[in-house]
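Residue-level listing of the chains:
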Amino acid sequence: AQSVTQLGSHVSVSEGALVLLRCNYSSSVPPYLFWYVQYPNQGLQLLLKYTSAATLVKGINGFEAEFKKSETSFHLTKPSAHMSDAAEYFCAVSDRGGGFKTIFGAGTRLFVKA
Amino acid sequence: DAGVIQSPRHEVTEMGQEVTLRCKPISGHNSLFWYRQTMMRGLELLIYFNNNVPIDDSGMPEDRFSAKMPNASFSTLKIQPSEPRDSAVYFCASSQTGNGYTFGSGTRLTVV
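These notes cover the structure that comes with them. Remember, it's a predicted structure, so these values are computed and weren't measured experimentally. (Residues numbered from 1 in each chain as written. Chains lettered and ligands numbered in written order. Predicted model: local features only at pLDDT ≥ 70, side-chain atom pairs only at ≥ 80, totals over all residues. Heavy atoms only, no water.)

Some thoughts on the overall build of chain B
Turning to step 1, where the next piece is worked out: Each helix and strand counted, chain B has zero helices and 11 strands in total.
Turning to step 2, where the next piece is worked out: When its helices and strands are written in sequence order, chain B yields β-β-β-β-β-β-β-β-β-β-β.
Turning to step 3, where the next piece is worked out: For the C-alpha atoms alone, the extent of chain B along its principal axes is close to 40 × 25 × 25 Å.
Turning to step 4, where the next piece is worked out: The proportion of buried residues among the 112 residues of chain B is 49%.
Turning to step 5, where the next piece is worked out: In chain B, of all internal contacts separated by at least 6 residues, the share reaching a separation of at least 24 is 53%.
Turning to step 6, where the next piece is worked out: Summed over all atoms, the accessible surface of chain B reaches about 5,400 Å², with 49% contributed by carbon and sulfur.
Turning to step 7, where the next piece is worked out: If the 10 positive side-chain charges of chain B are averaged to one point and the 11 negative ones to another, these points end up 4 Å apart. (Helix = DSSP H or I, 4+ residues; strand = E, 2+ residues; numbered from the N terminus. Buried < 20%, exposed > 50% of the residue type's maximum accessible area, 1.4 Å probe, protein only. Contact = heavy atoms within 4.5 Å. Areas by Shrake-Rupley, 256 points an atom, 1.4 Å probe, with all protein chains shown as cover. Lys, Arg positive; Asp, Glu negative; His and termini not counted. Charge placed at Lys NZ, Arg CZ, Asp CG, Glu CD.)

Written out as structure tokens, the structure reads:
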């Protein structure tokens, strides 16, 4: 069975500061890993995905994530936070079987202070 | 591409009534997923289809919920009869195998 744990339901950073959102996964097979962002009253939007190519994955809006198998982690980072980054972020893991069912973490709400 | 289209955006209904949520996936995507999102339980996978065939409906809460995908361009999620605890945002998402999901904007269901 696969699972995802996001550490911290809320993270607050100042504008211009580093953003670090933590995600650990559990999977019995090599996983596909994703980060999604959800703005208020909208659906989730794909930020980036890891599918066994490069371990450092770059996504939209300046975000990137690094796959670390030894730590079973897939943390999301951005060097400099912007007010528009305030949203909820979801880490997700998917198996490689039929349908690629995806399990989502509980989400981390990011607050950006001026 | 218009993305994944869900209708209606908002639905308010009385307890006991039938509710039908609709989804049009992205053309060419072969998988379709229905999720429910609430503050208490987060995102829950209800059911997913691959090539129009239901693969896993273990997340469907009870027999009051049913989902169909009669063709590659349309899916419905039906609740009959509806109950107040069904109030949530229901998302439809589609994907091409191996890629991430594209989500619709969701249907906010309120059962009073």
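So, next bit.
Quick look at the interface of chain B and chain A
Turning to step 1, where the next piece is worked out: Counting from both sides, the interface comprises 20 residues of chain B and, opposite them, 18 residues of chain A.
Turning to step 2, where the next piece is worked out: Summed over both partners, the interface of chain B with chain A buries about 1,500 Å², with 54% contributed by carbon and sulfur atoms.
Turning to step 3, where the next piece is worked out: Counting across the chain B and chain A interface gives zero salt bridges.
Turning to step 4, where the next piece is worked out: Between the two partners, chain B and chain A, sit four residue pairs in polar contact (both at pLDDT 80 or more).
Turning to step 5, where the next piece is worked out: If you list the elements that add at least two residues to the side of chain B that touches chain A, you get strand E4 (31-38) and strand E5 (42-50) of chain B.
Turning to step 6, where the next piece is worked out: Its residues assigned to classes, the side of chain B that touches chain A comprises eight nonpolar, nine polar and three charged. (Buried area = accessible area lost by both parts, 1.4 Å probe. Salt bridge = Lys/Arg side-chain N within 4 Å of Asp/Glu carboxyl O. Polar contact = N/O pair within 3.5 Å; in protein donor to acceptor, adjacent residues only side chain to side chain. Nonpolar A, V, L, I, M, F, W, Y, C, P; charged D, E, K, R; others polar.)

Here we look at the side chain of Ser94 of chain B
Residue and element names in this part refer to chain B.
Turning to step 1, where the next piece is worked out: Turning to its location among the elements, Ser94 is positioned in strand E9 (residues 88-95).
Turning to step 2, where the next piece is worked out: Overall, the relative accessible area of 0% leaves Ser94 in the buried class.
Turning to step 3, where the next piece is worked out: A distance of 3.3 Å separates the side chain of Ser94 from the backbone nitrogen of Ile26, its partner in a polar contact.

What to know about the sheet that holds strand E7 (residues 64-68) of chain A
Residues and elements named next belong to chain A.
Turning to step 1, where the next piece is worked out: An order of E1-E3-E8-E7-E6 is seen for the five strands of this open sheet, with the pairing classed as antiparallel. Two strands in the sheet have a free side with no partner beyond their single neighbour: strand E1 (3-7) and strand E6 (56-58). Across this sheet, the average inter-strand angle for adjacent strands is 20°, counted without regard to direction.
Turning to step 2, where the next piece is worked out: Where strand E3 (residues 19-26) lies against strand E8 (residues 73-78), four bridges are found, and the strand directions are antiparallel. Directly across from Asn24, in E8, lies its bridge partner Ser73. (Pairing = 2+ DSSP bridges. Axes fitted to C-alpha atoms, helices over the stretch in contact; angles between N-to-C directions.)

Quick look at the pairing of strand E3 (residues 19-24) of chain B
Within a regular strand, side chains alternate between the sheet's two faces.
Residue and element names in this part refer to chain B.
Turning to step 1, where the next piece is worked out: Where strand E1 (residues 5-7) lies against E3, three bridges are found, and the strand directions are antiparallel. Directly across from Ser7, in E3, lies its bridge partner Arg22.
Turning to step 2, where the next piece is worked out: With five bridges joining them, E3 and strand E8 (residues 74-79) adopt antiparallel strand pairing. Looking at E8, one finds that Arg22 is bridged to Thr76.

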